Amino acid sequence: MNFNGNPPSLATLATLAKTTKTTKITAALWLLLNLAASQTLAKTVTFEWEPIKRAVGYELRVEKAGKVHVHRHLSDSQHQADLEPGVYFWKLRAEDRLKRPGRWSESQAIVVMAKAPELQLPESHAEIEFYKTSLNATFKWKPIPGVTRYGFELKNGMTSVFSTELSASEVKVPALRPGTYSWRVRAILVPGAHAPAAYHGKSWDGPHSEFAEVTLKQKKLNEVKPLSPVGVVSTPATSRLLFNWTAVEGAEVYEIRLKARKSGGPGQPRPDELYTSAKTSLIIDLKDAGEFKRDGLYTWEVRPLHSPDQADVAGRTPASVASGGIEAPRSTAEFELSPLARDQRKHTALEFASFVSPTAFHFSAPDSGFSGNSTGTALGLNLSMLHSSGGHVAFSAQLENRSVTFSGKKHDLMEAAGSLRYRLPLAGFGSGWVLTPHLGVALRQYLGVYPETIVNTVTRTVTITGISDLKVSTLGLTSGFDLKRYFFERWTVQLHAAHYLPLAKVGSSEVSALAGGNTLSNYQLGTHLGREFGRAWTWDLGLSYEQRSLNYQRVLSTGAPSSKIDESTSGGFSILGGLIYTLD
């Protein structure tokens, strides 16, 4: 007997609905009791129908999205199968003893519900900090096998701010303001394209996940600190100047605003020049900031930006802040370009120099009837220090060892000096001129000679048998001035004049007292050329003429002072080479 005329009953539609409902309840209980299990585990579903008279078997077919998942020939009126979450359609037909099938029943849906999705990012109770007025946040969850659609919901307090359905396992929510949000996801089961027409457009919602909470906090960009140029700055050899500043966390680019002012006063600002840099430094050609002069006043501002829109970080295109971007307040600094910059700031300069000087000598000892001229060579080492507090006043000190070769004998003459200096920029002479008068004290040694004699008491004649030398140590005042011309950043030319006035002898038992006359003829005139290299080093090359003269009363062999004045004079040109190290 065949069943072509009567398809097998599925225990009526009510029974089918009951089965479907039972399956849903079973799925929910399975989810509740197996939260720690893998979502890849299938659920056991029982298919059950009323037996048909004279049927010796049944053919069961279960499909999802056009793909057959269960196809069995059964002798019993029920069957269990492990199915992953999804919407399935099943149908049944009976078989007689000759294995002839009847007609298929109508396909019925059975929904195997998925458990709630497992939320991944951001983690619950996470805090996300950002440098914008709003944030495009990304939410992710673990995909569930067999589920092709999800429902996402985002709340701020009790208010739903965003919800959507999507096929991906992540969603980007735009323009979220700072605040505390909670979010959850549910699986949505939908029939496939091969589902019966009666089921098109239907869907079944799975359980929601627990809400996960996330807090969005807006961070503020700190102000930067301009490092250089600030204050008085050496005029660069070219028109290019390096600007740098401190880094700020969160800054993606920095905007620099530069304005030039007229020299000699605040003047009127020129139109601002804007620059951008992704680094904390930028070389700017000052010719772009207006007329470039050797001296002038400039103001510059720098601010960090986050998320600039179309900012040309390699050039001079002004950066505009994109919608949602934030900016910090501008930090302002001023600087003055001046060739006098190095001397105008607080610093200490140390110089080590050596010199050579072919020297002409003249000695006179009238009491012995001796007078003579000679030549020699002076070699010297000079160590000097200058300290400036950053204003007009400076202090200098020097120590010199002058080695004089005279009559085949070497003599070491020492000098130590200290002086106060006062800097006077000469604006009326143009840029870069400075006059520095100075006044101080010095200890200086002179070389003197006197004849060795034999006195004939009978004939009352004096015979010179040789020449002896002596050193005369003196204490006196120094005075003079330097006139210095600063060129672009690296070069300086200096004229200097100095005078020494011996006031008293120090020690020197061979001399009873100093005398006037040529004592005033102690001066030095010269010029120096300086060239800076590196940030702290300068070489110094000088040419000068110096005369040293001393008149004194010598102590005679009898112990009495001479009645006449002895004289010691030396002079000649000196060539000096030195190296200066400047500590700021």
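None of these values were measured; they are calculated from a predicted model. Starting from 1, residues in each chain are numbered consecutively following that chain's sequence as written. Residues qualify for local features only when their pLDDT is at least 70, as the model is predicted, and side-chain atom pairs are given and counted only at 80 or more; totals for whole chains, interfaces and linings, by contrast, use all residues. To obtain the side-chain values, all non-hydrogen atoms of the structure were included, while hydrogens and water were left out.

S.K.: Would you take a moment to explain the overall build of the protein for this structure?
M.R.: Counting its regular elements, the protein contains two helices and 36 strands. Residues classed as buried in the protein amount to 43% of the 584 residues present. For the protein, the accessible surface area stands at approximately 30000 Å², while carbon and sulfur atoms represent 55% of it. The secondary structure listing takes helices from DSSP runs of H or I that are at least 4 residues long and strands from runs of E that are at least 2 residues long, numbered from the N terminus. Only protein chains enter the calculation, and the probe is 1.4 Å; a residue is then buried if its accessible area is under 20% of its type maximum, exposed if over 50%, and partly exposed in between. Surface accessibility follows the Shrake-Rupley procedure with a 1.4 Å probe radius. Residue values consider only the protein chains on display as shielding.

S.K.: How should I be thinking about the packing of aromatic side chains in this particular structure?
M.R.: The relation between two aromatic rings is expressed through the spacing of the ring centres and the mutual angle of the planes. Only centres within 6.5 Å qualify two rings of Phe, Tyr or Trp (six-membered ring in Trp) as a pair; their planes then separate them into stacked at under 30 degrees, edge-to-face at over 60, and tilted for everything else. Per the counting criterion, the structure on display carries 18 aromatic pairs. Ring centres of phenylalanine 47 and tryptophan 90 lie 5.0 Å apart, and the angle between their planes is 65°; on these two criteria the pair is classed as edge-to-face. Pair noted here: phenylalanine 47 is in strand β1 (residues 43–48) and tryptophan 90 is in strand β5 (residues 86–95), with a separation of 43 residues, a long-range link. Taking the centre distance of 4.7 Å and the plane angle of 50° together, the rings of tryptophan 537 and tyrosine 581 count as tilted. Placement of tryptophan 537 in strand β35 (residues 537–554) and of tyrosine 581 in strand β36 (residues 566–583) is noted, with a sequence separation of 44 residues between them. Note on tryptophan 537: relative accessible area 36%, which makes it partly exposed.

S.K.: In this structure, what is going on with unusual backbone geometry? I would like to understand it.
M.R.: The phi angle of most residues is negative, glycine excepted, and most peptide bonds adopt the trans form. Leucine 121 connects to proline 122 through a cis peptide bond whose omega is -10°. As for its position among the elements, proline 122 is in the loop between β7 (118–121) and β8 (126–130). Between serine 228 and proline 229 the backbone carries a cis peptide bond, its omega angle lying at 5°. Mapped onto the elements of the fold, proline 229 is located in the loop between β16 (226–228) and β17 (231–234). Notably, histidine 125 is not glycine yet its phi reads approximately 65°, a positive angle. Here histidine 125 falls in the exposed class, since its relative accessible area comes to 60%.

S.K.: Explain the nonpolar core to me, please; I cannot follow it from the model alone.
M.R.: The tendency in soluble globular proteins is for nonpolar side chains to be buried as a group. Throughout, nonpolar core names a set of buried Ala, Val, Leu, Ile, Met, Phe, Trp, Tyr and Cys residues whose side chains join them through atoms within 4.5 Å. Of all hydrophobic cores here, the largest spans 31 residues; its most connected members are Phe139, Trp141, Phe152, Leu154, Leu176 and Trp183. Of all the elements in the fold, those that place two or more residues in this core are β5, β6 (108–112), β9 (135–142), β10 (149–156), β12 (170–176), β13 (179–189) and β15 (212–218). Of all the elements, β13 adds the most residues to this core, at five residues.

S.K.: Explain the pattern of salt bridges here, please?
M.R.: Note that side chains of opposite charge can pair when their charged atoms are close. When a carboxyl oxygen of Asp or Glu is within 4 Å of a side-chain nitrogen of Lys or Arg, the pair counts as a salt bridge. Under the defined criterion, the tally for this structure stands at 25 salt bridges. Between glutamate 255 and arginine 257 there is a salt bridge; the shortest N-O distance is 3.8 Å. Assessed through its relative accessible area of 18%, arginine 257 is described here as buried. A salt bridge links arginine 330 to glutamate 255, with the shortest nitrogen-to-oxygen separation between them at 3.7 Å. Remark: glutamate 255 occurs in strand β19 (residues 253–261) and arginine 330 occurs in the loop between β23 (320–327) and β24 (331–338); sequence separation between them is 75 residues. In this structure arginine 330 comes out as partly exposed when scored by relative accessible area, which is 35%.

S.K.: So what exactly am I meant to see when it comes to the sheet that holds strand β18 (residues 240–245) here?
M.R.: Whenever strands of a sheet pair, they do so through backbone hydrogen bonds, lying parallel or antiparallel. In spatial order, the strands read β16-β18-β21; together these three strands make up an open sheet with antiparallel pairing. Of all the strands in the sheet, just β16 and β21 (281–285) have a single pairing partner and so form its edges. Within this sheet the neighbouring strands show an average axis-to-axis angle of 30°, counted without direction. Being paired, for any two strands, means DSSP has found at least two bridges between them. Looking at chain direction, β16 and β18 are connected through two bridges and run antiparallel. In this analysis, axes come from line fits to C-alpha atoms, helices being fitted only over the stretch in contact, and the angle between any two N-to-C directions falls in the range 0 to 180 degrees.

S.K.: Looking at this structure, I do not really get the environment of methionine 414. What am I missing?
M.R.: On the secondary structure map, methionine 414 appears in strand β28 (residues 409–422). When the C-alpha positions of methionine 414 and leucine 399 are compared, they lie 7.6 Å apart, and in sequence the two are 15 residues distant. Here, two residues are considered to be in contact whenever any of their heavy atoms come within 4.5 Å of each other. Once residues within four sequence positions are removed from consideration, methionine 414 is found in contact with Leu399, Glu400, Asn401, Leu443, Arg444 and Gln445.

S.K.: Looking at this structure, how should I read the sheet that holds β7?
M.R.: With antiparallel pairing, the three strands of this open sheet are ordered in space as β7-β9-β12. Because the sheet does not close on itself, it has two edges, and the strands there are β7 and β12. Shown here is a sheet whose adjacent strand axes are inclined to one another by a mean of 30°, direction ignored. For β9 and β12, the ladder comprises five bridges, and the chain directions are antiparallel. Paired with leucine 135 across the bridge in β12 is leucine 176.

S.K.: Help me out: how do you make sense of the environment of phenylalanine 487 in this one?
M.R.: Checked against the element boundaries, phenylalanine 487 lands in the loop between β31 (461–486) and β32 (491–505). The spacing of phenylalanine 487 and glycine 432 is 55 residues in sequence and 6.6 Å in space, taken between C-alpha atoms. Among all residues touching phenylalanine 487, those that are not within four sequence positions of it are Pro339 and Val493.

S.K.: Help me out: how do you make sense of the confidence of the model for the protein in this one?
M.R.: A low pLDDT score tells you not to read the predicted coordinates there in detail. Overall, the predicted model of the protein reaches an average pLDDT of 79, with 80% of residues at or above 70. Confidence scores differ between elements of the protein, with helix α1 (residues 12–33) showing the lowest mean pLDDT of 28 and β10 the highest of 94. One confidence number per residue, pLDDT, is output by the predictor and ranges from 0 to 100. Counted against residues more than four places away or in other chains, residues 1–41, with its pLDDT under 50, gives 74 contacts.

S.K.: Sorry if this is basic, but what is going on with the side chain of glutamate 301 here?
M.R.: Looking at where glutamate 301 falls in the secondary structure, it is placed in strand β22 (residues 296–309). Excluding residues that lie within four positions of it along the chain, glutamate 301 makes contacts with Glu255, Ile256, Arg257, Arg330, Ser331 and Thr332.

S.K.: Help me understand the side chain of glutamate 567 in this model?
M.R.: For glutamate 567, the position within the fold is in strand β36. Charge convention: Lys and Arg are scored as positive, Asp and Glu as negative, and His as well as the terminal groups of each chain are ignored. One buried charged residue, glutamate 567, forms no salt bridge at all, with the nearest opposite charge on arginine 554 at 13 Å. Polar contact criterion, stated in full: a pair of N or O atoms within 3.5 Å, where within protein one must be able to donate a hydrogen and the other to accept it, and residues adjacent in sequence count only if both atoms are side-chain atoms. One polar contact links glutamate 567 to threonine 569, side chain to side chain, over a distance of 3.0 Å.

S.K.: Before we go on, may I ask you to explain the environment of glutamine 398 in this structure?
M.R.: On the secondary structure map, glutamine 398 appears in strand β27 (residues 393–406). Look at glutamine 398 and you get partly exposed, because its relative accessible area is 30%. Linking glutamine 398 and alanine 417, residues 19 residues apart in sequence, is a C-alpha distance of 5.4 Å. Not counting residues up to four positions away in its chain, the partners in contact with glutamine 398 are Asn382, Leu383, Ser384, Glu415, Ala416 and Ala417.

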